[in-house]
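Chain by chain, the residues run as shown.
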Amino acid sequence: MAIQGTVVSTRPLEEDKNKVIAQAAQNVRNGSTATANAPQPFTQPGGRVNNTLSQIQDFINGPSFQFTGPQQWSYEADSDPAYQAALSTAKRNIADQQANTNAFLRVGGQGKSTWSETVANQIGAKEMARVSDTVLPQLMQQAYQRYSDQANRDMQLQQMNYGVQRDKIGDLANLYAQQYQYDVTRPMQEAELTGTYLPGEAREAIQNLLGLKQQAEDKGISREGRAELSKQADGIRAQLSAMGIDPTLYGADVAYNKAKLQNPGFRTLAGQQLDLSNKQANNSAAMGWSELTGQMLYPQNDWSGYQRQVNRGDSPITLSGQQMDLSKQKMNMDRQQMQLDQQQRMFQNSMQERQFNENVRQFGLEYAMRELQNQQQYGLGLDRQALDEARFGLDIENSANRTQKTNYSMKPTTMIDLLTKQFGEMPKDGNGPSKIPYSMHDQVSALIETSDMSLEDKIFTAKTLGIEPKN
């Protein structure tokens, strides 16, 4: 595209640049004058980027700049006013010099003569030679200098116009890079980090809308001014709706401080996968707490809230929770039954001791020992039967507690005291001869073996009484 004649000003270039920016972003910026009844058309994200790129392509595909060289230099003396002026001056000089010469010759008496004519011709020839040999070359040099200066000025002008064109396409390229960064690169980078994609034009529309909200919440604004801002905001909300952004996030009833915290946009595939992963994690956490507490807890993002759900106590009871309650009730009943059994055994031991003493008094020690052995064997059989029934009915929780110490109904001191009353004080720690007759050792050993005591207590009792325990 050839531009000739004058230097192009940089101010029109700046105006063109502003027009390009305004044209590229008109769908968002024009929202400031839009109304809800007449929203501006929406250009899909990347529209202004494509618009700027199209301008660059049109500029490149258009006519290229052509430099024009100067015309061939030529000099026409007859058309040169300076030469004509020098020629007129030479003619006047010739006339003046000839007149002066003729006057001088007349004074000498020569007047009009051959000599006078010869002198006049010499004066004319000399003056004309000066014009052709001196003045004319100077005029030709000056004319060529003017030609050269004009050619240089023309070249500088063309270079400046060419530079202006290069600056314009450079400005368009910079504008394209900025728009691409804002509308494409930045949203994609944020989408990779957050999982939410928000087009650049939508971001700019939201910023404009937040600015209108700030102005509308100013206490000094008039009712008419607020109404005008509301119309402008309705136009931008219509644009957001066309982009697929929920406009209610920035509705007229939403304050600025709340609106600026919104995080609109479109969830990417990675963002959706992250949401699904978080949902699964929340569900797993809720199931874990439900299994732990026996209450049906609902999933939530704040895992510390599960304890608050438990503390409220209004959650439904799960099947495992009901089983835990039943297990606790059974444990309490078993504990009460164990206490009753222990009291009953203590009572039975006391009755056995009385019965043993009475049998010794009436029928002798041998009968009393045999009767006591029979009673203990019978009681041990009942205890083993009850123990088998209890073990058969224990649940998993009670099975985990089987390592607890078994409660036996008879203590070693009870057996030792009972026999001491019959045979006298036994040697301390089993040292020395036993007070129990040797013929009674087997019966006493059998009595100790069948008593409801631990193995350690049976060994201790036999050693204390001086009797060899049975294997």
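In what follows, the structure referred to is the one given above.
Okay, so let's go over this structure. (Residues numbered from 1 in each chain as written. Predicted model: local features only at pLDDT ≥ 70, side-chain atom pairs only at ≥ 80, totals over all residues. Heavy atoms only, no water.)

1. Some thoughts on the overall build of the chain
- The helix and strand inventory of the chain stands at 16 helices and 2 strands.
- Here the chain holds 471 residues, and 30% of them are scored as buried.
- Sequence separation of at least 24 residues holds for 64% of the intrachain contacts in the chain that already meet a minimum separation of 6. (Helix = DSSP H or I, 4+ residues; strand = E, 2+ residues; numbered from the N terminus. Buried < 20%, exposed > 50% of the residue type's maximum accessible area, 1.4 Å probe, protein only. Contact = heavy atoms within 4.5 Å.)

2. Observations regarding helix H10 (residues 305-312)
- Looking only at H10, the buried set comprises Gly305, Tyr306, Gln309 and Val310. Buried residues of H10, seen end-on, are gathered within an arc of 150 degrees and therefore sit on one face of the element.
- In this structure, the buried side of H10 is in contact with helix H9 (269-293). (Arc of directions from axis to C-beta.)

3. Quick notes on empty space enclosed by the protein
- Evaluation of the coordinates by the stated rule reveals 2 cavities of 30 Å³ or more.
- Within this model, the largest cavity holds a volume of roughly 60 Å³.
- Forming the walls of the largest cavity are Asn349, Gln352, Glu353, Leu372, Gln376, Met410, Thr414, Met415 and Leu418.
- Per-class residue counts for the lining of the largest cavity are 4 nonpolar, 4 polar and 1 charged. (1 Å grid on protein atoms, 1.4 Å probe; cavity = no way out; pocket = protein on both sides within 12 Å on 5 of 7 lines; lining within 4 Å. Points joined across faces, edges and corners; volume = space filled by probe spheres on them. Nonpolar A, V, L, I, M, F, W, Y, C, P; charged D, E, K, R; others polar.)

4. Concerning the environment of Gln262
- Note that Gln262 resides in the loop between helix H8 (256-259) and strand S2 (266-267).
- Its relative accessible area of 24% is what places Gln262 among the partly exposed residues.
- It is 8.4 Å that separates the C-alpha atoms of Gln262 and Tyr250, two residues lying 12 residues apart in sequence.
- Ignoring anything within four residues of it in the chain, the contact list for Gln262 reads Leu249 and Tyr250.

5. Focus: the nonpolar core
- One finds Phe356, Leu365, Met369, Leu419, Ile436, Val444 and Leu465 to be the most contacted residues of the largest nonpolar core, which totals 21 residues.
- Contributions of two or more residues to this core are made by helix H11 (319-363), helix H12 (365-393), helix H14 (412-423), helix H15 (441-450) and helix H16 (455-465).
- Considering every element that reaches this core, the biggest residue donor is H14, with 5 residues.
- Residue contacts for Met369: discarding those within four places in its chain leaves Phe356, Leu419, Met440, Gln443, Val444 and Leu447. (Core = buried A, V, L, I, M, F, W, Y, C linked by side-chain atoms within 4.5 Å.)

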